[in-house]
Amino acid sequence: MEWRTEEYANPTEWSGNSMDTVIVTGGSHGIGRATCVRFAREGYHVAVMDIEEDAGQDVVREIEEAGGSADFWQTDVGNAESVRDAVEGILGRWGSIEALVSNAAIINRGGLETLTLEEWDEQVRVNLTGSFLVSREVAAHMIEAHKGAIVHVSSITGTHGGANGAGYVATKGGILAMGMSIALDLAPHGVRVNAVAPGTVSTRLTREKLSEPARASQIAAGIPLGRAAEPEDIADVIHFLCTDDARYMTGSVVTVDGGITASP
Ligand SMILES: NC(=O)c1ccc[n+]([C@@H]2O[C@H](COP(=O)([O-])OP(=O)(O)OC[C@H]3O[C@@H](n4cnc5c(N)ncnc54)[C@H](O)[C@@H]3O)[C@@H](O)[C@H]2O)c1
């Protein structure tokens, strides 16, 4: 899949013409950034929503220089007012929101012996409450429009657990359960809600372990497809879930882990 990554990095012909609007939370880095680029390539207007402005403006520049359309909305997804202001601003400027990718998250490693209550609370606030808040604001508009697609970015740790991450894992499981509930509420309104559960993806969240060669080969050896995912591997599936090709999918969790969870 090497060519895909290169193609994203050096887009020459961005042929999309949908004029739909997508919000990508956590769009300044990693999986969110690749998702912004993927949607822009398909002709969406991309609202990059993130707490980090400089990196987010880089994403906007990259998209615009390649002929796409994007703007940046500095937002703390765990703050109701901040989310409301951003969604209102996006609606005011672009008129509609066809897709939401709720991807922003933080990770504080630690289990019962080391994770502090403050670290637990902050992860719940950003990862879980943040997903609730953006979904709530955007869904109100999608219900009115009677169409839309929401994708929550969870993790295989949300379905299978993982050591030394009690708080993070709890939020990732919570996102899946919340998504399934919301999917039922929104189905009568023509709005679909699905989730992706990535395995190990090469981003700054995993940079530490993947930059150590011995550790990286050990990780790769435990992945049936033989390598960690690139952010684009996840972005492609997220994009698919927002297209009409996924029109009969709602309440689903799509695992994108190179076979990790299929291994005995
Ligand atoms: N990297 C992996 O191996 C992996 C595996 C499974 C799931 N995931 C999930 O993928 C998603 C993206 O992770 P990533 O690896 O790209 O990490 P990342 O750190 O590169 O990206 C996370 C983004 O969220 C933003 N963010 C953090 N707090 C925020 C807040 N309060 N408000 C708005 N934005 C905020 C950050 O600025 C950043 O741009 C996360 O939900 C993560 O849990 C990652």
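Residues numbered from 1 in each chain as written. Predicted model: local features only at pLDDT ≥ 70, side-chain atom pairs only at ≥ 80, totals over all residues. Heavy atoms only, no water.

**Section: the packing of helix α2 (residues 30-41) against helix α3 (residues 53-65)**
Logical step 1: The contact between α2 and α3 brings their axes to 10 Å, and the two run at 25°. With respect to their mutual orientation, α2 and α3 come out roughly parallel. The crossing of α2 and α3 is right-handed. Residues Arg33, Cys36, Val37 and Ala40 of α2 form the contact with α3, whose own contacting residues are Ala55, Asp58, Val59, Glu62 and Ile63.
Logical step 2: Here the residues of the contact of α2 with α3 sort into 6 nonpolar, no polar and 3 charged. (Axes fitted to C-alpha atoms, helices over the stretch in contact; angles between N-to-C directions. Helix = DSSP H or I, 4+ residues; strand = E, 2+ residues; numbered from the N terminus. Parallel < 35°, antiparallel > 145°, perpendicular 65-115°, else oblique. Left-handed = near helix turned anticlockwise from the far one by under 90°. Contact = heavy atoms within 4.5 Å. Nonpolar A, V, L, I, M, F, W, Y, C, P; charged D, E, K, R; others polar.)

**Concerning the packing of aromatic side chains**
Logical step 1: One pass over the structure, following the stated rule, counts 1 aromatic pair.
Logical step 2: Residues Phe39 and Tyr44 carry aromatic rings whose centres are separated by 4.8 Å and whose planes lie at 85° to one another, so their mutual orientation is edge-to-face.
Logical step 3: Taking the relative accessible area as the measure of exposure, Tyr44 reaches 9% and is therefore buried. (Phe/Tyr/Trp six-rings, centres within 6.5 Å; stacked < 30°, edge-to-face > 60°. Buried < 20%, exposed > 50% of the residue type's maximum accessible area, 1.4 Å probe, protein only.)

**Looking at the site of the ligand**
Logical step 1: If you check the shell around the ligand, you find 29 residues, and the closest are Asp50, Asn103, Tyr168, Lys172 and Thr203.
Logical step 2: Interatomic distance of 2.9 Å between a side-chain N/O atom of Arg204 and an oxygen atom of the ligand.
Logical step 3: Relative to its free-state accessible area of 830 Å², the ligand is covered by the protein chains to the extent of 96%.
Logical step 4: When its residues are assigned to classes, the shell around the ligand shows 12 nonpolar, 12 polar and 5 charged. (Near = heavy atom within 4 Å. Polar contact = N/O pair within 3.5 Å; in protein donor to acceptor, adjacent residues only side chain to side chain. Areas by Shrake-Rupley, 256 points an atom, 1.4 Å probe, with all protein chains shown as cover.)

**Things to note about the pattern of salt bridges**
Logical step 1: Taken as a whole and assessed by the stated rule, the structure comprises 10 salt bridges.
Logical step 2: Linking Asp58 and Arg61 is a salt bridge whose minimum nitrogen-to-oxygen distance equals 2.5 Å. Placement of both Asp58 and Arg61 in helix α3 is noted, with a separation of 3 residues, approximately one turn of the helix.
Logical step 3: Assessed through its relative accessible area of 35%, Asp58 is described here as partly exposed.
Logical step 4: By relative accessible area, Arg61 is classed as partly exposed at 42%.
Logical step 5: Residue Arg227 pairs with Asp233 through a salt bridge whose shortest N-O separation is 2.8 Å.
Logical step 6: When its relative accessible area of 37% is taken as the criterion, Arg227 is described as partly exposed.
Logical step 7: When salt bridges with common partners are traced through the structure, they connect Arg38, Glu42 and Asp236 into a single cluster. (Salt bridge = Lys/Arg side-chain N within 4 Å of Asp/Glu carboxyl O.)

**Thoughts on the sheet that holds strand β4 (residues 99-102)**
Logical step 1: Spatially, β3-β2-β1-β4-β5-β6-β7 is the arrangement adopted by the 7 strands of the open sheet, whose pairing is parallel. Here the strands that pair on one side only, and so sit at the sheet edges, are β3 (69-74) and β7 (253-256). Recorded for the sheet is a direction-independent mean angle of 20° between the axes of neighbouring strands.
Logical step 2: Bridge count between strand β2 (residues 45-50) and β3: 6 bridges; the pairing is parallel. When the sheet's bridge partners are listed, Val46 is paired in β3 with Ala70.
Logical step 3: Across the sheet, helix α5 (residues 117-145) lies against β1 (21-25), β2, β4, β5 (148-153) and β6 (191-198), angled at about 175° from β4, the strand it touches most.
Logical step 4: Where helix α10 (residues 231-242) meets the sheet, it contacts β4, β5, β6 and β7, and its direction lies at approximately 165° from that of β6. (Pairing = 2+ DSSP bridges.)

**Section: the nonpolar core**
Logical step 1: Counting 31 residues, the largest nonpolar core has Val22, Phe39, Val46, Ile63, Val196, Ile234 and Ile238 as the members making the most contacts within it.
Logical step 2: The residues touching Val196, leaving out its near neighbours within four places in the chain, are Val151, His152, Val153, Ser154, Ser155, Ile234, Val237, Ile238, Leu241, Val254 and Val256.
Logical step 3: By size, the runner-up hydrophobic cluster in this structure holds 25 residues, among which are Trp73, Val83, Ile90 and Leu133. (Core = buried A, V, L, I, M, F, W, Y, C linked by side-chain atoms within 4.5 Å.)

**A short note on the confidence of the model for the protein**
Logical step 1: Looking at the protein as a whole, the pLDDT averages 93, with 93% of positions reaching at least 70.
Logical step 2: Low confidence marks residues 1-7, where pLDDT is under 50. Its contacts with residues over four positions away, or in another chain, come to 7 contacts. (pLDDT = per-residue confidence, 0-100.)

**Remarks on empty space enclosed by the protein**
Logical step 1: For the structure shown, the criterion picks out 1 cavity of 30 Å³ or more.
Logical step 2: One number sums up the size of the largest cavity: a volume of about 50 Å³.
Logical step 3: Along the walls of the largest cavity sit His152, Ile175, Leu176, Gly179, Met180, Val193, Asn194, Ala195, Gly251, Ser252 and Val253, which together make up its complete lining.
Logical step 4: Contributing elements (two or more residues each) for the lining of the largest cavity: α7 (166-186) and β6.
Logical step 5: In terms of residue count, the dominant contributor to the lining of the largest cavity is α7 (4 residues). (1 Å grid on protein atoms, 1.4 Å probe; cavity = no way out; pocket = protein on both sides within 12 Å on 5 of 7 lines; lining within 4 Å. Points joined across faces, edges and corners; volume = space filled by probe spheres on them.)

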